Amino acid sequence: MPAESQPRADTPTAALEIRGLKKEYRRGEPVLHDISIRIPGRGITAVIGPSGTGKSTLIRCINRLVEPTAGQILFKGLDLATLRGKALREARRRIGMVFQEYNLVERLTVMENLLSGRLGYVSPFNAWMRRYPADDIGTAWELLDTVGLTAFANQRADALSGGQRQRVGIARAIMQRPELLLADEPTSSLDPKTSVEIMELLAGLTQGRGIPVILNIHNVPLARRFAGHVIGMAGGRVVYDGAPEGLDDTHLKEIYGGEDWLE
Amino acid sequence: MNAAVTARPPAFVPNWPARIAWIALALYAGYATSILDVSWARFVTGVDNGIRFVGRMLPPETEASKMTLMLRGIYETLEIAVLSSALGIMLSLPIGLLAARNLMPPWLTWPTRLLIALCRSFHQVIIAILFVKAVGFGALAGILALTVASIGFIAKLFAEAIEEISAKQLEAIRATGAPFMNVILYGVLPQVLTRFVGFATYQFDSNIRNSTMVGIVGAGGIGGTMFAAFQKFDYDYLLTILLAIIALIMVSESLQNWVKKVYQ
């Protein structure tokens, strides 16, 4: 583990601070314009906004699945935007991610998918031989009990239903023992009832462990129900940043209305 | 008739370039047949010769010394096939990986693709002639020739299989902070393993057939014995050898099915 340095200008309660983040996939056509936000150190922060407004790009800039064009992403005294090589991989180990389409390795078993959350800590030879520390395997069994998939441990991921897959996806992210969890539309591919169950699981697992969550979601009622903080985005800009209670119809019209749908 | 309906464009647009290409192909096939003096009369004499040839093959030779000679050839053929397949498969894994454009930078994929193309350029028999010149007569030349041919085939298909994998699964493994080798082991390999096993068993099957061929140019195996039988008009012995090769291929076929079942 790298030595943890003290947080800099960001307040001790912030899990993450983004300053002046800009992303252009094509030159002169920014998807994110000068985003500056602070993610509270506890609870779920929901990022709401229409499809194509850059929510997914924003969340992927944090763990650098997407390269930011400009700006700073401050996390535990590190600027994630400048990290490279081993330092970047070590930062990624500390950040879990849950995906819209679950992104499980289909041909691996549920147990192998869970343990893949530890791949940042296991040597390739041991990973290949499936030799993981007993502690990790114990945690994986406990998590499987929690998400109710113990009986599926040795089944391949492609045998599971959507809701079951997302449970595995969440368990895999928790296996990293992350200090921050990114969730990119984790319920968008699921039915309404399963969506609520998945959100309850996500909230329960992260709350108990004190893991702050950044949650991309376009479903406003779900965001209101589970988030302690809401960031509203439209056209690649932040148009709302505050408590869910403060979010009114004027804001929602600004976020979802007008021509932003077409972007 | 409704005016709005008649104004619509046709639902299915004819593909003229494809039609022209088919017509051109049919015309060329007719032209080539006329040039090459392919005629029914020649075909009939050919069938006649064929029947006489088969007649001279029967019954197959079973004399003990010749059987021993044949078995030795078959064993050598099998050795060439197994060793060249093993070597070719082992080398194809890293080479195919280096050629995959979704994982590797262009300065690496480009020369690797050139190497694979080079391995595929010539027929195994031509490569075998080169190796016979280089390392002399015998099985070693055959093994090397078929190894090169295997790389040309498996590495290319393996690279293509890697390029078709789901980027989502890869992204998830990358997001855990896994080092590159672990991304390959968990993000790439599970997605391509069954296809790779398919290519490898197919190549082993080809190598058994090809290793009966390279003997003709002196690169070891049953091919040399078979070619000698041909030239000495020893057709009943030829039949024995052909039957042995068929048996070998059938054994390999059932082995393939078993391997594929193990890997689903």
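Look a little higher up for the structure.
Structure report, in brief. If you're wondering where the values come from, they're calculated on a predicted model, not measured in any experiment.

The rules we used
- Residues numbered from 1 in each chain as written.
- Chains lettered and ligands numbered in written order.
- Predicted model: local features only at pLDDT ≥ 70, side-chain atom pairs only at ≥ 80, totals over all residues.
- Heavy atoms only, no water.
- Helix = DSSP H or I, 4+ residues; strand = E, 2+ residues; numbered from the N terminus.
- Rg over C-alpha atoms; globule rule 2.2 N^0.38 Å.
- Buried < 20%, exposed > 50% of the residue type's maximum accessible area, 1.4 Å probe, protein only.
- Axes fitted to C-alpha atoms, helices over the stretch in contact; angles between N-to-C directions.
- Parallel < 35°, antiparallel > 145°, perpendicular 65-115°, else oblique.
- Contact = heavy atoms within 4.5 Å.
- Nonpolar A, V, L, I, M, F, W, Y, C, P; charged D, E, K, R; others polar.
- Patch = residues over 30% accessible without salt bridge, like charges linked within 9 Å, V, L, I, M, F, W, Y side chains within 5 Å.
- Areas by Shrake-Rupley, 256 points an atom, 1.4 Å probe, with all protein chains shown as cover.
- Salt bridge = Lys/Arg side-chain N within 4 Å of Asp/Glu carboxyl O.
- Core = buried A, V, L, I, M, F, W, Y, C linked by side-chain atoms within 4.5 Å.
- Pairing = 2+ DSSP bridges.
- Buried area = accessible area lost by both parts, 1.4 Å probe.
- Polar contact = N/O pair within 3.5 Å; in protein donor to acceptor, adjacent residues only side chain to side chain.
- Arc of directions from axis to C-beta.
- 1 Å grid on protein atoms, 1.4 Å probe; cavity = no way out; pocket = protein on both sides within 12 Å on 5 of 7 lines; lining within 4 Å.
- Points joined across faces, edges and corners; volume = space filled by probe spheres on them.
- Phe/Tyr/Trp six-rings, centres within 6.5 Å; stacked < 30°, edge-to-face > 60°.

1. Re the overall build of chain B
Per the secondary structure count, chain B includes 11 helices and 0 strands. Scanning chain B from its N terminus toward the C terminus, one meets helices and strands in the order α-α-α-α-α-α-α-α-α-α-α. Since a compact globule built from 264 residues should have a radius of gyration of about 18 Å, the 25 Å found for chain B marks it as more spread out than a globular shape. Projected onto its principal axes, the C-alpha coordinates of chain B cover approximately 75 × 65 × 35 Å. By the burial criterion, 39% of the 264 residues in chain B qualify as buried.

2. Considerations on the packing of helix α4 (residues 64–99) of chain B against helix α5 (residues 106–121) of chain B
Residue and element names in this part refer to chain B. Between α4 and α5, the least distance of the axes is 7 Å, while the angle of their chain directions is 130°. Between α4 and α5, the angle falls in the class oblique. Along the contact surface, α4 presents Ile95, Leu98 and Ala99, while α5 presents Leu108, Thr109, Thr112, Arg113, Leu115 and Ile116. Across the contact of α4 with α5, the residue classes break down as 6 nonpolar, 2 polar and 1 charged.

3. Digging into a nonpolar patch on the surface
A cluster of nonpolar residues, Tyr28, Tyr31, Ile35, Leu36 and Val38 of chain B, forms a patch on the protein surface that exposes about 600 Å² of accessible area. Among the structural elements, tyrosine 31 of chain B can be located in helix α2 (residues 16–35).

4. Observations concerning the nonpolar core
In this structure, Ile48, Leu114, Leu181 and Leu215 of chain A are the most contacted members of the largest nonpolar core, which totals 75 residues. Among the elements that make up this core, the one with the highest residue count is helix α9 (residues 180–213) of chain B (8 residues). With residues near it in sequence (within four places) discarded, isoleucine 48 of chain A still touches Lys55, Ile217, Val220, Ala223, Val230, Ile231, Gly232, Met233, Leu247, Leu252, Ile255 and Tyr256 of chain A. In terms of nonpolar packing, the next biggest core, distinct from the first, is built from 31 residues, Leu16, Leu32, Ala81 and Ile214 of chain A among them.

5. Remarks on the sheet that holds strand β10 (residues 237–242) of chain A
Residue and element names in this part refer to chain A. Taken together, the 6 strands give an open sheet; going across it, the order is β6-β7-β8-β3-β9-β10, and neighbouring strands pair in mixed fashion. Looking along the sheet, the strands with just one partner apiece sit at the ends: β6 (95–98) and β10. Pairs of neighbouring strands in the sheet enclose a mean axial angle of 15°, with direction left out of account. Two elements, β6 and strand β7 (residues 180–184), share 4 bridges in a ladder whose sense is parallel.

6. Brief notes about the interface of chain A and chain B
Contacts between the two partners involve 31 residues from chain A, matched on the other side by 19 residues from chain B. At the boundary of chain A with chain B, total buried surface from both sides reaches about 2,100 Å², with 60% on carbon and sulfur atoms. If you sort the residues of chain A by the area they bury against chain B, Val105, Arg107 and Leu119 of chain A come out on top, with a joint share of 24%. Counting every contact that joins chain A to chain B gives 2 salt bridges. Ionic pairing is found between glutamate 101 of chain A and lysine 168 of chain B, a salt bridge with its closest N-O pair at 3.4 Å. Linking chain A with chain B are 10 residue pairs in polar contact (both at pLDDT 80 or more), by the criterion used here.

7. Looking at the pairing of strand β1 (residues 14–26) of chain A
Residues and elements named next belong to chain A. Bridge count between β1 and strand β2 (residues 29–40): 8 bridges; the pairing is antiparallel. Within β2, the residue paired with alanine 14 across the bridge is proline 40. Taken together, the 4 bridges between β1 and strand β4 (residues 70–75) define a ladder with antiparallel strand orientation. Residue pairing across strands places arginine 19 opposite glutamine 72, the latter belonging to β4.

8. Some remarks on helix α10 (residues 222–231) of chain B
Residues and elements named next belong to chain B. The complete set of buried residues in α10 reads Ile222, Gly223, Thr225, Met226 and Ala229. Looking straight down α10, one finds that the buried residues subtend no more than 165° of arc, so they occupy a single side. Those residues of α10 hidden inside the fold are in contact with α4, α9 and α11 (235–262). Phi turns positive, to about 55°, at phenylalanine 233, one or two residues after α10.

9. Thoughts on the environment of glutamate 200 of chain A
All names here are of chain A. Structurally, the position occupied by glutamate 200 is in helix α7 (residues 192–209). You can call glutamate 200 partly exposed: its relative accessible area is 43%. Residues glutamate 200 and proline 68, 132 residues apart in the sequence, show an inter-C-alpha distance of 32 Å. Setting aside residues up to four positions removed in sequence, glutamate 200 forms contacts with Arg225 and Phe226. Here arginine 225 takes part through its side chain, which lies 3.4 Å from a polar atom of the side chain of glutamate 200.

10. Remarks on empty space enclosed by the protein
The final tally for this structure, using the stated rule, is 1 cavity of 30 Å³ or more. Here the largest cavity defines a volume of roughly 40 Å³. Lining of the largest cavity is provided by Met97, Phe99, Arg172, Ala173 and Gln176 of chain A together with Ala172, Ala175 and Thr176 of chain B. Only α6 (162–175) of chain A together with α8 (167–175) of chain B provide two or more residues apiece to the lining of the largest cavity. Partitioning the lining of the largest cavity into residue classes produces 5 nonpolar, 2 polar and 1 charged.

11. Examining the packing of aromatic side chains
Residues and elements named next belong to chain B. Taken as a whole and assessed by the stated rule, the structure comprises 6 aromatic pairs over all chains. Aromatic side chains tyrosine 28 and tyrosine 31 sit 6.3 Å apart centroid to centroid with 45° between the ring planes, which places their arrangement in the tilted category. Linking tyrosine 28 with tyrosine 31, this pair stays in helix α2, spanning 3 residues, or about one helical turn. With respect to class, tyrosine 28 is no different from tyrosine 31; both count as exposed.

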